[in-house]
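# A closer look at the structure
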Amino acid sequence: MDPAQLADRNFQFHLITRNLQEVLGEEKLRESLKQRNLRVYWGTATTGRPHVGYFVPMSKLADFLQAGCEVTILLADLHAYLDNMKAPWDLLQQRTHYYKVVIRGILTSIGVPIDQLRFVSGTDFQLSREYTLDVYRLASLVTEHDAKKAGAEVVKQVDHALLSGLLYPGLQALDEEYLKVDAQFGGVDQRKIFTFAEKYLPALGYDKRIHLMNPMVPGLTGGKMSSSEEDSKIDLLDSPQDVRKKLKRAFCEPGNVENNGILAFIKHVVFPLRSVFVIEREEKWGGRKEYSKYQVLEDDFANELVHPGDLKQSVEKTLNSLLEPIRKAFESPEMQQLITTAYPTVANKKVPSKGCKAAASVPGNNKVLPSQLDLRIGQIKTAKNHPEADSLLVIDVDVGEATPRVVQSAIAGYISTEMLPGRHAVVLCNIRPRKICGLESQAMLLCASKGEGQGKVIELLDPPEGSAPGDRVYVDGYGEGEPDAELKPKKKFLEILQADFSTSDACVAQWQGKPFLTKFGKVVCKSLTGAVVG
């Protein structure tokens, strides 16, 4: 191989492996590239509606195509059914069609030429005589233990597992042979299935394949995005208003780069697709800045030179530009009908009578209510700057208990510490205590804020005259009942409710238009109308 060809192959290897967490069969990959371009496939089970997390594997497919790979996308409809029947049999065809349109839309929006791709549905070949016989051959070799272990991170785990879930890993292994590929690409959560394939394909007389694994990227709204949990994801067809609303409550703590879905999206989607990422802000906050390397951006964020609000605003702009072509693809009546047929709305079941024990299990009967929040009047005793974080204040607040609670609030630079001691405020007391930059925060101070990035204005909420520490704050019409002992972070009750917190035209704090009250009257802020409360 001449130097030019060698350089090309090294560049191909770089494109294929960049940003991956692990490669199984790296030497085989290098040897294969010396002979010809790689044949690789990525599969997705056609279950819930795809979300913006799909941009991560799609941007990696763009790398494969740039490297000259022959890429196959497997729309794994049969796998979707086998995984605890997440896709009913009568919806497989419609959901497969939906996935194909959506994936084409994603790839088009990031500039990938879709004529270089091959789309294959699982049922196109997985129902053939040859494939079926190989399933039986594999079943004669695989132990129950190995089948369960292989699917542990992918197939829904239940007591007394169905046989369908045990078949799932074997089918995914056989797909490598029947699609005639050199490599399979997937998330690192697929690793056990990949090692299962490496063990059992040779036992059937087939070649061991290369396995390329993406890291598990946190979702934009915190934690792992799930197609089945509406509040955990940004849908590909969400409106710009919905995107903004969900990004506002995304986890993006100042200076914290761990499990930061906003930064992860920039690293794994924006930078592989675009040469620069731009932060737009006013000159007094540092002005416009272009980043050509992700690590420089991450370092600036870690050092609090980039504010979370500015980062979210820039991602919002980028994300909406990526989503717009997909939204347009679904504007036609035909595509709207496809959504309806692929994901029909399940009619609300009749709720049993009040005394029926089954009522709690009826879908929609466990609505999150503002009465679950333990909101109290607090009186600020002391306030000082955080020793390790410039954006935080450390505040001692009397909420009617034996000792004040310590609250950390990102209001440094917006409200002077000298103005705080003696003031009354609204405090959320049933969040789980957590350490921030080495100090524990035991509650949350509610404020009204308006504007974007570092140009925003923040004001404390003001209780009515006569309020005292420990007095309960409630939403009009939701003053009955005891609040939860502790809000469970994984259930995101606070985030769900907080999305509808705002201030009215009269500066009254409200939830869905209903005012925040104490026994003495309404809770207000000084001057901000139409502001976000949080």
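Use the structure listed above.
All right, on to the sheet that holds strand β6 (residues 210-214) then. Read across the open sheet, the 6 strands follow the order β1-β6-β5-β2-β3-β4; overall the sheet is mixed. In the strand order of this sheet, the two ends are held by β1 (22-24) and β4 (117-121), each with one partner. Across the sheet, the mean angle separating the axes of adjacent strands is 25 degrees when strand polarity is ignored. Bridge count for β1 against β6 is 3 bridges, and the pairing is antiparallel. Paired with Leu-24 across the two strands is His-211, which belongs to β6. Each of β2 (39-45), β3 (70-76) and β4 is contacted by helix α5 (residues 92-109), which is oriented at about 145 degrees to β3, the strand it contacts most.

Here the focus is the side chain of Thr-417. With respect to the helices and strands, the residue Thr-417 is situated in the loop between β11 (405-409) and β12 (424-428). In this structure the side chain of Thr-417 is engaged in a polar contact, spanning 3.4 Å, whose partner is the side chain of Glu-418. Here Thr-417 is in contact with Ala-383, Lys-384, Asn-385 and Leu-393, once residues within four sequence places are set aside.

Let us now look at the side chain of Asp-134. Mapped onto the secondary structure, Asp-134 falls in helix α6 (residues 129-139). Judged by its relative accessible area of 3%, Asp-134 is buried. Excluding residues within four positions of it along the chain, Asp-134 makes contact with Leu-174, Tyr-178 and Tyr-206.

On to helix α13 (residues 308-329), then. The terminal C-alpha atoms of α13 lie 32 Å apart, and with 22 residues this matches the ideal 32 Å at 1.5 Å per residue to within 8%. The sharpest bend along α13 measures roughly 35 degrees and falls at Leu-323, with the proline Pro-325 sitting one to four residues further on.

A few words now on the nonpolar core. The nonpolar side chains of a soluble globular protein tend to be buried, and buried together. By size, the foremost hydrophobic cluster in this structure holds 71 residues, and its most contacted members are Phe-55, Leu-212, Ile-266 and Leu-311. Leaving out residues up to four positions away in the same chain, Phe-55 has contacts with Ile-106, Ser-109, Ile-110, Leu-236, Phe-265, Val-269, Leu-322, Leu-323 and Ile-326.

The subject of this paragraph is the packing of helix α8 (residues 163-178) against helix α9 (residues 191-200). At their nearest, the axes of α8 and α9 sit 9 Å apart, and the two run at 65 degrees to each other. In this structure, α8 meets α9 at a crossing whose hand is right-handed. Residue-level contacts link Tyr-168, Pro-169, Gly-170, Gln-172, Ala-173 and Glu-176 of α8 to Ile-193, Phe-194, Phe-196 and Ala-197 of α9. The residue makeup of the contact of α8 with α9, split by class, is 7 nonpolar, 2 polar and 1 charged.

A few words on the packing of aromatic side chains. Per the stated rule, a full pass over the model turns up 11 aromatic pairs. Both rings, one in Phe-64 and one in Phe-185, keep their centres 5.1 Å apart while their planes meet at 85 degrees; by these two values the pair is edge-to-face. Taken together, the positions of Phe-64 in helix α3 (residues 55-66) and Phe-185 in strand β5 (residues 183-187) put the pair 121 residues apart, joining distant regions of the chain. Take Phe-64 and Phe-185: they sit in the same class, and that class is buried. When the ring of Phe-501 is compared with that of Phe-516, the centres are 5.2 Å apart and the planes differ by 85 degrees; the resulting orientation is edge-to-face. Of this pair, Phe-501 sits in strand β19 (residues 501-503) while Phe-516 sits in strand β21 (residues 514-518), and the two are 15 residues apart along the sequence. The ring of Phe-13 has Arg-30 sitting right over it, with the charged end atom 3.7 Å from the ring centre.

Another aspect to go through is the pairing of β3. In terms of residue burial, β3 counts as a mostly covered element, since 6 of its 7 residues are buried. The pairing of β2 with β3 spans 7 bridges and is parallel. Looking at β3, one finds that Trp-42 is bridged to Ile-73. Considered for its hand, the β-α-β crossover made up of β2, α3 and β3 is right-handed. Bridging between β3 and β4 involves 5 bridges; their strand directions are parallel. When the sheet's bridge partners are listed, Leu-75 is paired in β4 with Ser-121.

Once that is clear, we can look at the environment of Leu-369. By secondary structure assignment, the location of Leu-369 is in the loop between α14 (333-342) and β9 (375-385). According to the relative accessible area criterion, Leu-369 is partly exposed, its value standing at 29%. The sequence separation of Leu-369 and Leu-494 amounts to 125 residues, and the corresponding C-alpha distance is 9.7 Å. Sequence-distant contacts of Leu-369, that is, excluding residues within four places in its chain, are made with Tyr-478 and Leu-497.

This paragraph deals with the environment of Asn-256. Mapped onto the elements of the fold, Asn-256 is located in the loop between α10 (240-248) and α11 (261-273). Taking C-alpha positions, Asn-256 is 7.7 Å from Phe-301, a pair spaced 45 residues apart along the chain. Setting aside residues up to four positions removed in sequence, Asn-256 forms contacts with Phe-251 and Phe-301. Polar side-chain contacts of Asn-256 include one of 2.9 Å to the backbone nitrogen of Glu-258.

This next bit is on unusual backbone geometry. Positive phi values are uncommon outside glycine, yet Cys-507 reaches one of about 70 degrees. Here Cys-507 lies in the loop between β19 and β20 (509-511). The class of Cys-507 is buried, set by a relative accessible area of 11%. At Gln-512, a position not held by glycine, the phi torsion is positive, near 50 degrees. You can see Gln-512 is positioned in the loop between β20 and β21.

Glancing now at the environment of Pro-169. In this structure, Pro-169 sits in helix α8. The contact partners of Pro-169, leaving out residues within four places of it in the chain, are Ala-147, Ala-150, Gly-151, Ile-193 and Phe-196.

For β11, a buried count of 4 out of 5 residues is recorded, marking the element as mostly surrounded by other parts of the structure. Between the end of strand β10 (residues 393-398) and the start of β11, which pair antiparallel, lie 6 residues, with Gly-400 showing a positive phi angle near 90 degrees.

Reading guide: rules and limits
Residues numbered from 1 in each chain as written. Predicted model: local features only at pLDDT ≥ 70, side-chain atom pairs only at ≥ 80, totals over all residues. Heavy atoms only, no water. Pairing = 2+ DSSP bridges. Helix = DSSP H or I, 4+ residues; strand = E, 2+ residues; numbered from the N terminus. Axes fitted to C-alpha atoms, helices over the stretch in contact; angles between N-to-C directions. Contact = heavy atoms within 4.5 Å. Polar contact = N/O pair within 3.5 Å; in protein donor to acceptor, adjacent residues only side chain to side chain. Buried < 20%, exposed > 50% of the residue type's maximum accessible area, 1.4 Å probe, protein only. Expected span 1.5 Å × (residues − 1). Bend = angle between axes of the 7 residues up to and from the residue. Core = buried A, V, L, I, M, F, W, Y, C linked by side-chain atoms within 4.5 Å. Left-handed = near helix turned anticlockwise from the far one by under 90°. Nonpolar A, V, L, I, M, F, W, Y, C, P; charged D, E, K, R; others polar. Phe/Tyr/Trp six-rings, centres within 6.5 Å; stacked < 30°, edge-to-face > 60°. Lys NZ or Arg CZ within 6 Å of the ring centre and 35° of its normal. Right-handed = clockwise from strand over helix to strand, strands pointing away.

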